[in-house]
Amino acid sequence: MRSVAGEVFLLQLGVVVLLVVAAVVALVVQARSAAMLDARHRTLAAAGAFAESPGIVAALRSAHPSAVLQPSAEAARKIAGVDGINVYTLDGFTLTHSNPKQIGKHVVGPFSRAAAGKSFTETFAGSLGQSVVSVVPVKDRSGRVIAVVSSPVTVQNVQSMVNRQLPVVLGSAAVVLALSAGGTALVSRRLLRRTHGLGPAEMTRMYEHHDAVLHAVREGVLIVGDGGRLLLANDEARRLLDLPADAEGRPVTDLGLEEGIAERIASGRSATDEVHMAGDRLLAVNIRPTAPYGTAGTVVTLRDTTELRALSGRAEVARERLKLLYDAGVRVGTTLDVERTAEELAEVAVPRFADVVTVDLLDPVLRGEEPPDVNTEMRRTAAVGLRGEHPLYPVGKLIRFVPASPMATGLAGGHAVLEADLHATHGWRTQDPANSLRILDRGIHSMIAVPLRARGVVLGMAGYWRGQDSPPFDEEDVSFAEELTARAALSVDNARRYTREHTVADTLQRSLLPRGVPEQSAVEVAHRYLAAQAGVGGDWFDVIPLPGTRVALVVGDVVGHGLHAAATMGRLRTAVYNFSTLDLPPDELLSHLDELVSHIDADEQEWQGITGATCLCAVYDPVTGQVTTATAGHPSPALVLPDGTVSFPEVPVSPPLGLGAGMPVETTTLTLPEGSRLALFTDGLIESRDRDPDAGLTALRAALAGPARTPEETCTAVIDAMLPAKPVDDVALLVARTRRTDPARMAEWDVPPDPAAVSRVRNACARRLEDWGLEDIAFTTELILSELLTNAIRYGSEPIRVRLLYDRSLICEVSDGASTSPHLRRAEDTDEGGRGLFLVAQFAQRWGTRYTARGKIIWSEQALQDGAAPPVAVPEEALLAGWDDDAF
């Protein structure tokens with residue numbers, strides 16, 4: 001109701017109500033007046049008709065006039081619809097009356113005029129109340145008045161007639177009022193939409209602001225109708241377009257405007273800051289549809305950009321340059337690869353800054369080395385923007401810049417060199433005179449040479465070239481080229497440093513990994529190592545031959561990548577190898593390794609400590625076919641039986657290295673059929689960002705399953721099935737196919753604790769060596785066996801057992817139930833014994849002691865060549881070599 005539409009609605013509704021009330025009153029008054037007039041006419045007609053009725057004169061002169069006239073008068077009254085037809089004598093006595101009780105009574109009434117012979121009608125207060133009465137004289141034939149006839153109608157009856165018409169009048173008034181209110185509401189609703197619900201004050205303020213803005217704004221405003229006809233133009237639009245005074249209402253194309261801008265304004269299509277000429281002015285035109293804010297059409301704004309054109313052009317160039325620098329910061333240096341970083345610099349500058357970009361780097365930079373102080377010999381590393389055959393040096397070419405060339409000048413001065421017009425200068429042509437003309441023929445006309453400098457060191461040169469329709473470079477371009485090149489140079493230097501560190505780490509890691517698998521007869525081995533995409537890491541593997549033809553298979557993983565991980569891996573691998581030389585079982589080996597890692601982490605002098613390491617150790621004995629496995633936080637191995645069945649034996653998992661806190665390491669021992677395959681791997685093989693370990697184990701099971709394959713074929717199948725070209729984590733895989741020692745190449749004897757038994761065992765050993773074709777080493781073997789067996793009988797305890805193994809070497813093992821370990825020492829002159837182990841060390845290639853659950857084993861190995869032992873010194877010479885020359 002506070003809106004203009006609401007006020008108009010109330011005003012219209014009030015007017016309608018007043019009109020309806022006035023009409024009702026007028027109708028009531030008119031009805032009353034008409035009823036009164038009708039009553040006058042009716043009474044006059046009834047009185048006149050009765051006065052002129054035949055026989056009335058005779059009835060009046062009869063003896064009883066009332067008796068004669070009263071029935072006739074009553075009948076006539078009913079017919080006429082009046083309240084009575086009364087007949088009076090001239091002297092005022094009532095002859096007939098609608099109320100019979102009034103007959104014979106004398107009345108005083110206005111009958112003088114009727115007695116005079118005149119008829120009249122008047123309102124009279126009689127016996128019936130306020131009434132309309134018509135009086136007519138009754139005349140005889142001579143014209144003499146002999147009586148008076150009156151016919152009254154009471155005002156109450158007249159009002160009842162009006163009241164009977166009143167419902168119709170009021171109903172009609174109500175209908176008229178409802179229709180008028182509905183029409184007014186529709187008009188007000190439409191007005192509400194047109195005025196958007198604004199109040200009078202708001203409407204006034206809006207139109208005042210509209211006029212103020214429309215005529216005061218310094219921007220031309222046009223409103224064009226749907227048919228291209230101009231509806232409104234403000235003062236600025238009239239000035240900018242030089243419109244005639246009667247422009248409004250005329251088609252835009254008839255206003256004498258420039259053809260291009262006139263057609264664009266009349267088209268009705270949206271536009272944003274389109275530039276058009278209007279006379280000598282350069283106008284920015286914006287066109288928007290007026291819908292849904294108004295009727296179909298467009299609103300056009302015009303802005304004079306003649307003076308701002310040059311300024312805006314420079315601002316746009318500056319904005320593009322800033323955006324290019326931002327893009328360069330995001331896109332250059334994403335790979336830490338020197339060559340790719342140079343390519344990214346060229347790609348980000350073409351074609352937004354230059355048509356062709358070349359990048360030349362020093363060879364030491366490409367290798368990750370420190371660049372020399374002064375060197376004008378560079379290798380073309382990147383060239384972007386060249387198509388087809390081109391005259392510029394190709395990528396990969398080694399270029400030596402001549403002193404007069406812009407590249408050499410920029411290197412000598414340490415700043416960018418601008419050649420704005422290559423046609424006008426000749427110094428750059430000395431670099432390659434033959435190709436200079438070809439370069440100009442290709443349309444290249446301007447260039448900037450900028451040194452790639454980072455941290456005060458020159459890494460190379462960047463060349464920016466423009467040709468075809470591009471404008472030549474200027475001094476502002478030189479500043480931008482230096483800024484762009486300086487940012488890229490930091491990325492190139494970072495890539496160079498990373499390349500150097502990666503090369504060192506890779507070299508260290510590769511040097512610390514096994515270069516080959518040692519010769520042994522227990523297993524057939526194949527292995528793979530794949531460096532991660534982020535660089536080399538700390539995964540390693542080892543195959544370590546152990547005494548008694550056994551072999552230790554080891555796989556480990558150090559968390560992280562780079563030099564630290566590689567160095568830590570080397571330390572752990574060395575520790576594992578050293579512990580293995582002590583012939584420790586897997587659980588003791590991992591316990592010692594865990595203690596070592598704990599000491600390394602606790603030592604504050606260590607440069608970083610070990611952030612995390614795991615290890616898996618498995619020892620396989622081909623004589624028994626048993627493998628003993630222990631793990632410290634590492635995945636268990638996979639076992640592939642000869643029939644292709646794959647399983648993952650449950651190995652008790654101990655905490656990772658350094659976290660064991662002195663807890664014992666548990667082992668699992670399995671007996672494997674000959675031809676079984678053991679697959680030891682690091683977690684990078686089964687885990688990745690998009691694959692959980694369970695899914696990885698399922699995939700590994702599928703890759704290992706199938707018919708019998710060699711370890712080499714197994715490694716290839718697993719790597720192809722499990723890993724992408726560039727794994728996220730480095731991977732070590734070791735596959736070993738088990739073998740069993742031929743019983744025919746073994747000999748065992750139980751020895752009683754009797755020195756006399758030594759000769760019998762020695763003779764049995766000589767016979768077995770003869771069967772094996774090893775007669776040439778029988779004497780030295782008997783000597784070694786005699787010394788070891790004598791020591792076992794003298795210092796050991798039962799059970800005493802001797803075993804010979806004919807493998808790549810001849811292995812002699814003497815076991816007993818004692819845990820004391822012999823030590824090699826040089827005997828003194830006065831000692832009666834102590835020279836037995838010295839003799840064993842002289843004649844055996846290796847010897848040692850390992851402990852078992854029931855005692856110890858002293859073993860020795862003698863090398864074989866083509867199935868026989870090499871020539872050895874005679875026993876006497878060997879004995880004499882055990883003493884100094886001064887001992888005699």
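This structure is a prediction, so every number in the text was calculated from the model and none was measured. (Residues numbered from 1 in each chain as written. Predicted model: local features only at pLDDT ≥ 70, side-chain atom pairs only at ≥ 80, totals over all residues. Heavy atoms only, no water.)

(A) A look at the environment of Ala 702. Locating Ala 702 in the fold gives a position in helix α17 (residues 693–704). For Ala 702 and Ala 721, which are 19 residues apart along the polypeptide, the C-alpha to C-alpha distance reads 8.9 Å. (Helix = DSSP H or I, 4+ residues; strand = E, 2+ residues; numbered from the N terminus.)

(B) The arrangement of the side chain of Thr 96 in detail. Position of Thr 96 relative to the elements: it lies in strand β2 (residues 94–96). A distance of 2.9 Å separates a polar side-chain atom of Thr 96 from the backbone nitrogen of Val 87. (Polar contact = N/O pair within 3.5 Å; in protein donor to acceptor, adjacent residues only side chain to side chain.)

(C) Examining helix α12 (residues 406–413) more closely. All buried positions along α12 are accounted for by Pro 406, Met 407, Ala 408, Gly 410 and Leu 411. Taken together, the buried residues of α12 touch β12 (377–384), β14 (417–419), β15 (444–454) and β16 (457–467). (Buried < 20%, exposed > 50% of the residue type's maximum accessible area, 1.4 Å probe, protein only. Contact = heavy atoms within 4.5 Å.)

(D) Examining a negative patch on the surface more closely. A contiguous patch of negative charge, built from Glu 770, Asp 771, Glu 775 and Asp 776, is present on the exposed surface. Take Asp 771: it is sitting in helix α19 (residues 757–772). (Patch = residues over 30% accessible without salt bridge, like charges linked within 9 Å, V, L, I, M, F, W, Y side chains within 5 Å. Areas by Shrake-Rupley, 256 points an atom, 1.4 Å probe, with all protein chains shown as cover. Salt bridge = Lys/Arg side-chain N within 4 Å of Asp/Glu carboxyl O. Lys, Arg positive; Asp, Glu negative; His and termini not counted. Charge placed at Lys NZ, Arg CZ, Asp CG, Glu CD.)

(E) The sheet that holds strand β10 (residues 297–304), seen in detail. A sheet is described by the order of its strands in space; here five strands give the open sequence β7-β6-β10-β9-β8, paired in antiparallel fashion. Because the sheet does not close on itself, it has two edges, and the strands there are β7 (230–233) and β8 (271–278). Taken over all neighbouring pairs, the strand axes of this sheet differ in orientation by 25° on average, direction set aside. The pairing of β8 with strand β9 (residues 281–289) spans six bridges and is classified as antiparallel. Within β9, the residue paired with Val 275 across the bridge is Ala 284. Here helix α8 (residues 259–267) sits on the sheet in contact with β6 (220–225), β8, β9 and β10, set at roughly 150° to β8. (Pairing = 2+ DSSP bridges. Axes fitted to C-alpha atoms, helices over the stretch in contact; angles between N-to-C directions.)

(F) Geometry of the nonpolar core. Leu 345, Phe 353, Val 357, Val 359, Ile 448, Tyr 464 and Leu 484 are the most contacted members of the largest nonpolar core, which totals 55 residues. The greatest single-element share of this core, amounting to eight residues, is contributed by helix α14 (residues 475–512). Core analysis: the next-biggest nonpolar cluster, separate from the first, contains 45 residues, Leu 513, Ala 522, Phe 579 and Ala 736 among them. (Core = buried A, V, L, I, M, F, W, Y, C linked by side-chain atoms within 4.5 Å.)

(G) A look at the packing of α19 against helix α20 (residues 778–795). With their axes 10 Å apart at the nearest point, α19 and α20 run at an angle of 150° to one another. Taken together, the axes of α19 and α20 lie roughly antiparallel to each other. As α19 runs across α20, the sense of the crossing is right-handed. Across from Val 758, Val 761, Arg 762, Cys 765, Ala 766 and Leu 769 in α19, the residues of α20 making contact are Ala 778, Thr 781, Glu 782, Leu 785, Ser 786, Leu 789, Thr 790 and Ile 793. Classifying every residue of the contact of α19 with α20 gives nine nonpolar, three polar and two charged. (Parallel < 35°, antiparallel > 145°, perpendicular 65-115°, else oblique. Left-handed = near helix turned anticlockwise from the far one by under 90°. Nonpolar A, V, L, I, M, F, W, Y, C, P; charged D, E, K, R; others polar.)

(H) Region of the structure containing the pattern of salt bridges. Applying the stated criterion to the full structure yields 35 salt bridges. Of the charged contacts in the structure, one is a salt bridge between Arg 144 and Asp 140, with a shortest N-O distance of 3.6 Å. Note on Asp 140: relative accessible area 12%, which makes it buried. For the salt bridge of Glu 483 with Arg 487, the shortest nitrogen-to-oxygen distance reads 3.0 Å. Taken together, the positions of Glu 483 and Arg 487, both in helix α14 and four residues apart, correspond to about one turn of that helix. The class for Glu 483 is partly exposed, based on a relative accessible area of 35%. Among the residues examined, Arg 487 registers a relative accessible area of 40% and is labelled partly exposed. One continuous salt-bridge network, built from bridges that share partners, spans Glu 370, Arg 455, Asp 493, Arg 496 and Arg 497.

(I) Quick peek at the sheet that holds β16. The strand order across the open sheet formed by six strands is β13-β12-β11-β16-β15-β14, and the pairing between neighbours is antiparallel. In the strand order of this sheet, the two ends are held by β13 (398–400) and β14, each with one partner. Neighbouring strand axes in the sheet, compared pairwise and without regard to direction, differ in orientation by 25° on average. Looking at chain direction, strand β11 (residues 356–361) and β16 are connected through six bridges and run antiparallel. Along β16, the bridge assignment pairs Asp 360 with Met 461. Contacts from helix α10 (residues 338–349) reach β11, β12, β15 and β16, with the element oriented near 50° to β12. Its contacts with the sheet place α12 against β12, β14, β15 and β16, and it is angled at close to 30° to β15.

(J) Spotlight on unusual backbone geometry. A cis amide bond, omega 0°, links Val 350 with the succeeding residue Pro 351. Mapped onto the secondary structure, Pro 351 falls in the loop between α10 and β11. Backbone torsion omega between Glu 798 and Pro 799 reads -5°, so that peptide bond is classified as cis. Structurally, Pro 799 can be placed in the loop between α20 and β29 (800–806). Non-glycine residue Asp 242 carries a positive phi angle of around 55°. In this structure Asp 242 comes out as exposed when scored by relative accessible area, which is 65%. Despite not being glycine, Asp 583 shows a phi value in the positive range, around 60°. Mapped onto the fold, Asp 583 is located in the loop between α15 (563–581) and α16 (586–602).

(K) Up close: the environment of Leu 553. By the secondary structure assignment, Leu 553 is in strand β19 (residues 551–558). Assessed through its relative accessible area of 1%, Leu 553 is described here as buried. With 28 residues separating them in the primary sequence, Leu 553 and Val 525 have C-alpha atoms 9.7 Å apart. Here Leu 553 is in contact with Val 523, Asp 542, Val 543, Leu 616, Cys 617, Ala 618, Leu 678, Leu 680, Leu 734 and Ala 736, once residues within four sequence places are set aside.

(L) Molecular detail of the environment of Ala 699. Inspection of the secondary structure assignment puts Ala 699 in helix α17. When its relative accessible area of 26% is taken as the criterion, Ala 699 is described as partly exposed. In this structure, the C-alpha to C-alpha distance between Ala 699 and Val 718, residues 19 residues apart in sequence, is 9.1 Å.

(M) Highlighting the packing of α17 against helix α18 (residues 711–722). Contact geometry for α17 and α18: axes closest at 9 Å, N-to-C directions at 140°. Between α17 and α18, the angle is such that the two are oblique. For the pair α17 and α18, the sense of crossing is right-handed. The segment α17 lies against α18, with Gly 696, Ala 699, Leu 700, Ala 703 and Leu 704 engaging Thr 714, Ala 717, Val 718, Ala 721 and Met 722.

(N) Representation of a nonpolar patch on the surface. Nonpolar side chains collect at one region of the surface, where Val 17, Val 21, Val 25 and Val 29 lie side by side and expose about 310 Å² of accessible area between them. Residue placement: Val 17 occurs in helix α1 (residues 4–51). Of the residues examined, Val 17 reaches a relative accessible area of 33% and is grouped as partly exposed.

(O) Quick look at α8. For α8, the complete set of buried residues consists of Ile 261, Ala 262, Arg 264 and Ile 265. Viewed along the axis of α8, the buried residues span an arc of 165°, placing them on a single side of the element. Elements that come into contact with the buried residues of α8 comprise β6, α7 (235–241), β8, β9 and β10. One or two residues past the end of α8 sits Gly 268, with phi positive at roughly 80°. (Arc of directions from axis to C-beta.)

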